[in-house]
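Here's the letter readout for the chains.
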Amino acid sequence: MGIFDVIGPVMVGPSSSHTAGAVRIGLFARRLLAVEPQRAEIGLHGSFAATGEGHGTPLALLAGLLGLSPDDERIPLSAELALERGLDYQFEDEDLGDVHPNSVRLRLRGEATTLEIHASSVGGGRIKVWNIDGFAVNLDGEYPTILLVYPDRPGAVAVVSAILANATINIATLKAHRTQRGGQALMAVQLDEVPPPGVIDSLRHLPHFEQVRFIPALGFGG
Amino acid sequence: MNAITPREGTLEAALLAAHERRVPLSDIFLDQEIQASGRLREDLCALMRTRIAVMRHSLQRGLASPQRSRSGLIDGGAHRLIEWSGDGHGLLGAAFTKLLASALAVAEVNACMGRVVAAPTAGSCGVMPAAIFTVAEERNVPEEALVRAFFTAGGIGMVIEKLASLSGAEGGCQAEVGSASAMAAGGIVEMLGGSPDQVCAAVSFSLANVMGLICDPVLGLVEEPCVRRNALGALNAVASAEMALAGIPSLFKADKVIETMGKVGRRLPEEFRETARGGLALLQPEADKS
């Protein structure tokens with residue numbers, strides 16, 4: 001927390017949790033999808049469903065999916081923008097269970113890829129992404145993040161940490177989650193700095209991993 | 001002097017440092033930020049100037065054209081106030097009306113999905129620009145002193161975040177509009193040459209004045225009564241700054257008042273903490289009768 005978190009962020013109103021946080025969830029999902037989203041099915045939970053309309057939460061989520069940052073004055077126009085860019089979307093109310101009241105489920109489709117994420121806007125524009133494609137995660141978008149999907153076998157963590165150590169990139173957090181023993185696993189690595197492009201490429205070339213995704217830190221804009 | 005070293009991150013610690021170095025509190029807070037961020041002083045000042053520019057822009061937008069929210073609860077209040085006062089109707093002169101209208105303007109722009117600086121929150125974004133800019137204009141304060149005022153304000157906000165809360169969901173409106181008032185009041189006192197002790201007195205007065213103020217947003221939206229509470233906050237900031245500058249002492253240390261605000265906030269029933277389940281939020285808004 002610094003002075004510019006208190007005198008800031010610069011954002012489009014009205015609510016840091018219902019608007020700015022919603023934009024950041026959309027933006028996180030877009031970056032994870034890594035291609036232009038063509039279809040979005042959005043389930044609004046709790047307070048996002050109850051007071052989201054008046055706070056512009058649906059517009060904010062769309063804005064993020066379209067790549068706008070929380071301080072972009074086109075956020076109120078994001079429905080029109082979605083139409084222009086060929087993003088087909090649908091909103092519904094959804095009960096995600098005993099989770100934060102400001103939560104959302106995004107099901108996205110882009111060219112040759114799909115993604116489902118569950119995330120919450122936890123206050124002050126900060127977010128918590130807690131499920132990606134069925135894997136439990138705990139990501140806030142504040143760090144450059146690498147996500148790897150692989151069959152649960154010994155050695156995956158060692159390989160990743162060796163490559164990062166070689167590039168002298170410090171790991172802020174590293175968490176692996178699996179569906180079951182010997183099943184599919186997802187490793188989420190949050191980094192202290194942006195890795196050089198070679199690092200992601202070398203991870204992609206390894207036989208260990210079926211999928212390697214990189215998401216830059218979201219920042220707050222302004 | 002007291003032999004006990006004050007806890008880091010408190011106003012007491014900042015005050016002690018300011019006294020020892022004989023500098024204003026903005027220097028202490030700026031140096032802390034340089035240390036924590038590893039960035040240069042001039043970069044931080046430049047960033048603050050861009051924040052100030054965004055505040056000015058939202059203020060001008062809210063005064064220039066009537067802002068209407070999606071819910072219909074906000075319908076150009078700032079614009080109406082300025083139009084009306086133009087004919088000399090203002091009860092306490094133009095500057096007073098300007099103060100109120102500026103707070104409404106920024107808060108209305110926020111409610112209507114315009115761009116603002118959340119300072120400290122989106123819901124209380126009208127307080128600081130209204131109070132600090134209006135006083136700076138009235139007293140012809142140079143830009144550099146204005147930038148410093150925002151560092152003082154930001155430093156105060158960080159202390160409040162540490163010792164209490166800046167969130168309506170945690171502490172009610174006192175934690176948002178109350179904190180914004182305290183930040184603005186402290187900034188104004190330094191901007192007009194008040195001592196660090198007077199800055200802290202202004203912080204104490206501002207929070208004491210709205211101790212216990214609940215957060216009861218109608219329909220759960222940041223509109224009613226939030227927008228007018230921003231005007232109250234701006235008024236509270238200027239009043240507190242003026243009383244502190246006149247030398248009225250605070251009977252309590254600012255840190256203690258901040259901690260008390262935090263305690264009161266935690267004891268507020270959940271109905272009064274942004275849930276829209278208590279207070280004015282239970283009333284049915286009536287149609288505009290103007």
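Residues numbered from 1 in each chain as written. Chains lettered and ligands numbered in written order. Predicted model: local features only at pLDDT ≥ 70, side-chain atom pairs only at ≥ 80, totals over all residues. Heavy atoms only, no water.

Enquirer: Would you explain the sheet that holds strand 8 (residues 145–151) of chain A in this entry?
Expert: Backbone hydrogen bonds hold the strands of a sheet together, and the pairing may be parallel or antiparallel. All names here are of chain A. The four strands are arranged 9-10-8-11 in an open sheet whose pairing can be described as antiparallel. Two strands in the sheet have a free side with no partner beyond their single neighbour: strand 9 (171–178) and strand 11 (211–215). Strand-to-strand, the axes of this sheet are offset by a mean angle of 15°, without reference to chain direction. When strand 8 meets strand 10 (residues 184–191), the two strands line up antiparallel, connected through seven bridges. Across the sheet, the residue bridging to V149 is L186, located in strand 10. The sheet strands contacting helix 2 (residues 16–33) are strand 8 and strand 11, and the helix crosses strand 11 at an angle near 140°. Strands strand 8 and strand 11 of the sheet are contacted by helix 8 (residues 197–205), whose axis makes an angle of about 165° with strand 11. (Pairing = 2+ DSSP bridges. Helix = DSSP H or I, 4+ residues; strand = E, 2+ residues; numbered from the N terminus. Axes fitted to C-alpha atoms, helices over the stretch in contact; angles between N-to-C directions. Contact = heavy atoms within 4.5 Å.)

Enquirer: Would you mind going over the sheet that holds strand 2 (residues 37–45) of chain A with me for this structure?
Expert: Residues and elements named next belong to chain A. An order of 3-2-4-5-6-7 is seen for the six strands of this open sheet, with the pairing classed as mixed. Each end of this open sheet is capped by a strand with a single partner; those strands are strand 3 (88–93) and strand 7 (135–139). Across the sheet, the axes of successive neighbouring strands diverge by a mean angle of 20°, strand direction being ignored. In this sheet, strand 3 lies alongside strand 2 in parallel orientation, the contact comprising six bridges. Pairing of G43 across the sheet is with E92, part of strand 3. Running at roughly 155° to strand 5 (residues 113–123), helix 2 makes contact with strand 2, strand 4 (102–110), strand 5, strand 6 (126–132) and strand 7 of the sheet.

Enquirer: What exactly am I supposed to notice about the interface of chain B and chain A here?
Expert: Quite often, the size of an interface is put as the accessible area lost when its parts meet. Taken together, the contact pairs 38 residues of chain B with 28 residues of chain A. Each partner contributes to the roughly 2600 Å² buried at the junction of chain B and chain A, and carbon and sulfur atoms together form 64% of this total. Of all residues in chain B, the largest losses of buried area upon contact with chain A belong to R51(B), M113(B) and R115(B), amounting jointly to 29% of the total for that side. At the boundary of chain B with chain A, the tally comes to three salt bridges. Across the salt bridge formed by E73(A) and R61(B), the nearest N and O atoms sit 3.6 Å from each other. Summed over the shared surface of chain B and chain A, the number is eleven residue pairs in polar contact (both at pLDDT 80 or more). Mapped by element, the contributors of at least two residues to the side of chain B that touches chain A are helix 2 (25–37), helix 3 (41–64), helix 5 (94–111), strand 1 (115–117) and helix 7 (143–163) of chain B. Taken together, the residues of the side of chain B that touches chain A sort by class into 24 nonpolar, seven polar and seven charged. (Buried area = accessible area lost by both parts, 1.4 Å probe. Salt bridge = Lys/Arg side-chain N within 4 Å of Asp/Glu carboxyl O. Polar contact = N/O pair within 3.5 Å; in protein donor to acceptor, adjacent residues only side chain to side chain. Nonpolar A, V, L, I, M, F, W, Y, C, P; charged D, E, K, R; others polar.)

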